There are 2 protein chains.
Amino acid sequence: MFCKGLLLQGLGLPALWRYGTVMTLTDIATRTYGHNFRLDPIVRSLLDTDFYKLLMLQMIQHIHADVQATFSVINRTRSVRLAEVIDEEELRAQLDFARTLRFSKKELIWLAGNSFYGRQQMFSPDFIAWLADFRLPPYDLRKVDGQYELRFEGPWTHTTMWEIPALAIINELRARAAMRARGKFALDVLYARAKAKLWDKVERLRLLPDLVLSDFGTRRRHGFLWQRWCVEALKEGLGSRFIGTSNVLLAMDADLEAIGTNAHELPMVAAALARDDAELASAPYRVLEEWRAHYNGNLLIALPDAFGTTAFLRDAPSWVAQWTGFRPDSAPPIEGGEQIIAWWKSQGIDPRTKLLIFSDGMDIDTIEQTYHHFHGRVRLSFGWGTNLTNDFRDCAPDGSPGLEPISLVCKVTSANGRPAVKLSDNPRKTTGEAAEVARYLRVFGEGGRVERKVLV
Amino acid sequence: MFCKGLLLQGLGLPALWRYGTVMTLTDIATRTYGHNFRLDPIVRSLLDTDFYKLLMLQMIQHIHADVQATFSVINRTRSVRLAEVIDEEELRAQLDFARTLRFSKKELIWLAGNSFYGRQQMFSPDFIAWLADFRLPPYDLRKVDGQYELRFEGPWTHTTMWEIPALAIINELRARAAMRARGKFALDVLYARAKAKLWDKVERLRLLPDLVLSDFGTRRRHGFLWQRWCVEALKEGLGSRFIGTSNVLLAMDADLEAIGTNAHELPMVAAALARDDAELASAPYRVLEEWRAHYNGNLLIALPDAFGTTAFLRDAPSWVAQWTGFRPDSAPPIEGGEQIIAWWKSQGIDPRTKLLIFSDGMDIDTIEQTYHHFHGRVRLSFGWGTNLTNDFRDCAPDGSPGLEPISLVCKVTSANGRPAVKLSDNPRKTTGEAAEVARYLRVFGEGGRVERKVLV
């Protein structure tokens with residue numbers, strides 16, 4: 001490379017521009033390929049997903065291969081009328097392209113041969129073999145009242161894998177639409193400012209000596225390349241304080257740890273399949289036992305908030321206190337953390353041996369506050385999502401219409417035909433049919449649930 | 001091009017990175033050329049200079065072709081020991097490369113065929129023909145006490161043309177040295193921040209509806225590519241309020257107006273050649289008469305401060321008040337401007353018909369202050385130099401050692417063997433031998449000269 005190669009890239013100038021007297025050499029094949037390519041795909045690999053999806057998938061494939069589950073994309077930011085922003089043809093083209101993807105040989109070798117959380121062979125040979133034939137199942141897309149209704153019906157083993165690519169595709173198509181009208185220069189300034197903004201955050205994070213942080217930003221990212229830049233920024237700027245990324249493809253490409261364990265869909269499906277209220281009440285704990293058994297006592301991080309953290313802790317068997325820790329995901333971090341610490345203490349457990357992972361809408365201010373609040377009292381880790389990979393607020397020279405992040409989720413909405421429900425600690429994050437929500441509230445109680453604005 | 005081509009460039013990622021399944025196509029010839037190139041030249045064209053050099057050169061070549069003039073590079077920021085920062089071999093390689101340059105056919109055609117300040121054929125056919133054979137003359141380089149002594153001796157018609165390339169080469173070599181130790185990522189953040197910083201300035205300038213501004217930053221630039229980015233930023237951000245650039249190459253490439261008229265070397269040489277004190281006293285006005293006659297009454301901008309603005313105005317013939325305006329260059333902008341306005345009024349001239357061009361160390365704050373102070377009272381224009389093209393203060397993730405701009409100038413120091421002097425309105429900008437400076441002070445007086453810190 002030229003000694004100034006990077007400088008040139010940073011300036012966004014063609015590599016040979018500076019050779020005033022030398023004609024630029026264009027790679028004709030590259031240009032021709034570009035002209036002929038059908039579309040500019042957003043998701044180019046089935047590994048471009050969150051690691052927890054693969055861990056959950058393996059358990060689902062081993063134990064629940066017969067369950068049918070429907071996932072639905074839900075835009076909680078109703079004011080943004082996605083169907084008026086994103087072209088339906090473009091959206092279908094991206095979803096169709098994702099359906100053509102297969103795990104490549106290289107990817108499967110990496111999954112089989114890599115160690116995760118220090119453990120070899122996290123994925124069994126039979127599961128790797130099963131993955132080789134995997135493809136994303138069909139989707140159902142329609143426009144309703146300015147929004148897209150995007151649903152995935154079929155075996156849980158397949159529909160579950162749509163969650164991350166569907167969200168990444170919609171978020172990036174929205175960002176592309178917002179940028180289409182912008183000039184070349186406005187885009188250059190936009191990215192320069194976003195880089196400067198993120199680096200300012202990195203410099204503040206460097207002041208936290210015991211910080212443990214990972215990237216959780218795949219689903220809400222501005223775009224794949226931007227997420228990659230953000231991950232490189234954290235790797236460079238935070239060193240060992242940056243422990244990895246939830247994005248499996250980026251983990252592979254950048255030699256980082258893949259981070260993640262499990263998500264709400266496990267207790268939600270278990271709850272949906274419960275035959276009566278007693279089974280419903282015990283569903284969250286059955287799921288944990290299953291997980292623990294399947295992963296031989298590894299990956300013991302529990303999500304407490306699927307049906308309210310207060311209910312979960314109130315009824316939790318004492319063995320739950322032996323797990324490594326919790327990922328509070330809808331209570332405010334300090335309140336939610338204090339509630340869990342108090343519970344550990346009530347179980348006779350020293351919280352300093354336990355781990356709390358905060359990942360709900362965190363940003364630099366709340367990371368700092370939470371860090372300082374809990375530092376020394378409990379082990380801490382942060383999963384940084386939307387505000388890491390999609391913070392373009394105030395970065396566009398002409399304002400940021402279309403670039404403020406929205407609260408878009410993809411949730412399981414039914415299992416074997418029975419409606420699925422998530423209560424969460426924040427009623428605004430509740431999903432599910434009203435009658436069924438009312439039943440869940442009767443079973444689990446409303447204690448501790450407080451309405452709070454959902455920003456991202 | 002791909003529809004996301006620019007976005008990719010802005011992110012500094014290889015163009016095909018995003019095609020996960022497509023091998024990147026490398027242009028082997030480009031890479032090989034890069035490996036074999038002797039050096040990465042800083043000045044690649046003789047047009048990469050300030051426009052006023054060409055305007056002055058034409059007059060010198062027509063009228064003063066027999067004058068011998070020595071130019072010397074002077075680093076007023078003594079604390080920066082340039083000879084310890086810049087490798088002598090590298091410096092010689094760059095200077096030698098610049099000496100190999102010729103005006104290309106395309107460049108001469110553009111100079112001959114373009115209109116400047118609305119006037120066709122600003123450069124005569126005989127001068128264009130003379131330029132075709134032009135090359136930069138030899139240089140004399142030695143190290144003295146941690147600094148470089150860089151001098152150019154020979155015909156004024158040739159040595160004058162070293163001013164801008166010599167300064168641009170030294171400034172860029174210093175910037176390259178400061179960046180050599182930085183990692184790829186630190187450089188990316190550095191440029192992102194510098195871009196964001198400049199754009200913040202642009203957004204403030206957009207609030208000044210009658211702003212008239214041009215780029216004067218060639219000599220002090222961080223680097224050629226960076227200057228080019230800055231010029232594009234102003235073009236995009238300020239529209240018609242950005243009237244052009246002093247850099248002839250950038251003016252040609254970006255279809256901008258080339259901006260500039262004349263500089264201190266004209267009165268300095270005239271003063272050096274004066275045979276007695278009376279001729280010395282009248283030298284500044286003789287030069288103006290010569291200029292006016294040579295350019296047929298165009299380009300009538302006077303520099304008042306070569307030997308002190310107070311003296312210049314005190315002794316100025318009344319016809320000087322008929323000129324288009326002044327470029328005060330070493331007095332503080334508001335004081336200097338008020339002094340000239342008062343003089344115009346004393347000559348019975350309405351200042352609103354006259355032009356003041358401010359170009360001495362301006363930055364966003366002083367531009368705003370000066371604009372608001374004079375708006376409506378006089379026509380205003382700004383030449384923005386160092387703080388446009390070399391403001392990396394607080395932009396480097398690891399601090400900015402070696403990136404703060406220095407006050408480096410290249411001045412005529414003798415003409416036909418006689419010492420040249422510049423007094424300026426600020427004694428810290430005085431150049432010349434002590435005895436000769438004393439004589440000039442006797443002839444012109446010390447009135448109005450006030451010592452002020454020289455920042456850039």
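Residue indices follow the written sequence of each chain, beginning from 1 at its first position. The naming scheme follows written order: chains are lettered A onward, ligands numbered 1 onward. Only residues with pLDDT of 70 or above have their local features reported here, since the model is predicted, and side-chain atom pairs are shown and tallied only from 80 upward, although totals for entire chains, interfaces and linings are computed over all residues. To obtain the side-chain values, all non-hydrogen atoms of the structure were included, while hydrogens and water were left out.

- Looking up chain A in an unreviewed UniProt entry gives the name Nicotinate phosphoribosyltransferase, with the organism given as Novosphingobium pituita.
- UniProt positions are given in the numbering used here, feature names are shortened, and annotations may be inferred rather than shown by experiment. For chain A, the Function (unreviewed entry) comment in UniProt is given as "Catalyzes the synthesis of beta-nicotinate D-ribonucleotide from nicotinate and 5-phospho-D-ribose 1-phosphate at the expense of ATP."

Focus: the overall build of chain A
Part 1 of the argument: Secondary structure is summarised from DSSP: a helix means a run of H or I of at least four residues, a strand means a run of E of at least two, and numbering begins at the N terminus for each. Helix and strand counts for chain A come out as 19 helices and 11 strands.
Part 2 of the argument: C-alpha extents for chain A along the principal axes are approximately 80 × 45 × 45 Å.
Part 3 of the argument: Looking at chain A as a whole, 62% of its 456 residues are labelled buried.
Part 4 of the argument: Between two residues, a contact is recorded if the distance between any of their heavy atoms is within 4.5 Å. Considering only contacts within chain A whose residues lie at least 6 apart along the sequence, 77% involve residues at least 24 apart.
Part 5 of the argument: Summed over all atoms, the accessible surface of chain A reaches about 17300 Å², with 52% contributed by carbon and sulfur.
Part 6 of the argument: Across chain A, 57 positive and 55 negative side-chain charges occur, with their mean positions spaced 2 Å apart. Each residue is assigned to one of three classes by its accessible area relative to the maximum for its type, calculated with a 1.4 Å probe on protein chains only: buried under 20%, partly exposed between the two thresholds, exposed over 50%. All accessibility values rest on the Shrake-Rupley procedure with a 1.4 Å probe; residue burial counts only the protein chains present in the view. The convention is simple: Lys and Arg are positive, Asp and Glu are negative, and His and the chain ends are not counted. Just so you know, the charge point we use is NZ for Lys, CZ for Arg, CG for Asp and CD for Glu.

A few points about the packing of aromatic side chains
Part 1 of the argument: Each Phe, Tyr or Trp ring (for Trp, its six-membered ring) is paired with any other whose centre lies within 6.5 Å, and the angle between the two planes then decides the class: stacked below 30 degrees, edge-to-face above 60, tilted in between. For the structure on display, the rule yields 52 aromatic pairs over all chains.
Part 2 of the argument: Each ring, one from Trp-199 of chain A and one from Phe-185 of chain B, has its centre 5.2 Å from the other, and the planes form 40°; the classification is tilted. Residue Trp-199 of chain A is found in helix H10 (residues 184–205), and its partner Phe-185 of chain B is found in helix H10 (residues 184–205); the two belong to separate chains. Both residues of the pair, Trp-199 of chain A and Phe-185 of chain B, belong to the buried class.
Part 3 of the argument: Centre to centre, the rings of Phe-326 of chain A and Trp-344 of chain A are 5.7 Å apart; their planes meet at 50°, and the pair counts as tilted. With a gap of 18 residues between them, Phe-326 of chain A in strand E7 (residues 325–326) and Trp-344 of chain A in helix H16 (residues 333–346) connect regions that are remote in the sequence.
Part 4 of the argument: A residue is classified by how much of its surface remains accessible, and Trp-344 of chain A, at 0% relative accessible area, is buried.
Part 5 of the argument: An aromatic cluster of at least three residues, connected via ring pairs, comprises Phe-51, Phe-103, Trp-110, Phe-116, Phe-123, Phe-127, Trp-130 and Phe-134 of chain A.

Quick word on the UniProt feature "modified residue: Phosphohistidine" (unreviewed entry) in chain A
Part 1 of the argument: UniProt's feature table lists "modified residue: Phosphohistidine" (unreviewed entry) at His-264 of chain A, given in the numbering used throughout.
Part 2 of the argument: For His-264 of chain A, a relative accessible area of 4% translates into the label buried.

Section: the sheet that holds strand E4 (residues 213–215) of chain A
Residue and element names in this part refer to chain A.
Part 1 of the argument: Strand pairing follows a simple DSSP-based rule, namely that at least 2 bridges must link the two strands. Spatially, E5-E4-E9-E8-E7-E6 is the arrangement adopted by the 6 strands of the open sheet, whose pairing is parallel. Where the open sheet ends on each side, the last strands, each with one partner, are strand E5 (242–245) and strand E6 (301–302).
Part 2 of the argument: Of the pairings in the sheet, the one linking E7 to strand E8 (residues 355–358) comprises 2 bridges and is parallel in character. Looking at E8, one finds that Phe-326 is bridged to Leu-356.

Considering the pattern of salt bridges
Part 1 of the argument: Salt bridge criterion: a side-chain nitrogen from Lys or Arg within 4 Å of a carboxyl oxygen from Asp or Glu. Per the counting criterion, the structure on display carries 76 salt bridges over all chains.
Part 2 of the argument: Asp-50 of chain A is the partner of Arg-219 of chain A in a salt bridge, and the nearest nitrogen-oxygen pair spans 3.0 Å. On the criterion of sequence distance, the pair formed by Arg-219 of chain A in the loop between E4 and helix H11 (224–238) and Asp-50 of chain A in the loop between helix H2 (28–36) and helix H3 (51–63) is long-range, its members being 169 residues apart. Of the two residues, Arg-219 of chain A and Asp-50 of chain A, neither departs from the other in class, the shared state being buried.
Part 3 of the argument: With its nearest N and O atoms 3.3 Å apart, the salt bridge here joins Arg-193 of chain B to Glu-203 of chain A. Taken together, the residues span two chains, with Arg-193 of chain B in helix H10 and Glu-203 of chain A in helix H10.

Quick look at the environment of Pro-155 of chain B
All names here are of chain B.
Part 1 of the argument: If you trace the backbone, Pro-155 turns up in the loop between strand E5 (147–152) and helix H8 (156–159).
Part 2 of the argument: A relative accessible area of 31% means that Pro-155 is categorised as partly exposed.
Part 3 of the argument: Measuring from C-alpha to C-alpha, the distance between Pro-155 and Ala-65 comes to 7.2 Å, with 90 residues separating the pair along the chain.
Part 4 of the argument: Not counting chain neighbours up to four residues away, the residues in contact with Pro-155 comprise Val-67, Gln-68 and Ala-69.

Considerations on the UniProt feature "domain: Nicotinate phosphoribosyltransferase N-terminal" (unreviewed entry) in chain A
Part 1 of the argument: Listed under "domain: Nicotinate phosphoribosyltransferase N-terminal" (unreviewed entry) in the UniProt record, and renumbered for this structure, are residues 47–171 of chain A.
Part 2 of the argument: Overall, residues 47–171 of chain A shows 47% helix and 14% strand. The separation of its end C-alpha atoms is 18 Å.

Quick notes on the sheet that holds strand E4 (residues 140–144) of chain B
Residues and elements named next belong to chain B.
Part 1 of the argument: Spatially, E4-E5-E1-E12-E13 is the arrangement adopted by the 5 strands of the open sheet, whose pairing is antiparallel. Of all strands in the sheet, those bounded by a partner on one side alone are E4 and strand E13 (418–419).
Part 2 of the argument: Pairing geometry for strand E1 (residues 69–75) and E5, over 2 bridges, is antiparallel. Following the sheet pairing, Ser-72 is matched in E5 by Arg-151.
Part 3 of the argument: Fitted lines through C-alpha atoms give the axes, limited to the stretch in contact for helices. The angle between two N-to-C directions lies from 0 to 180 degrees. Contacting E4 and E5, helix H5 (residues 88–99) runs over the sheet at an angle of about 160° to E4.
Part 4 of the argument: The strands touched by helix H9 (residues 163–180) are E1, E5 and strand E12 (408–415); relative to E12, the strand with the most contacts, the crossing angle is about 145°.

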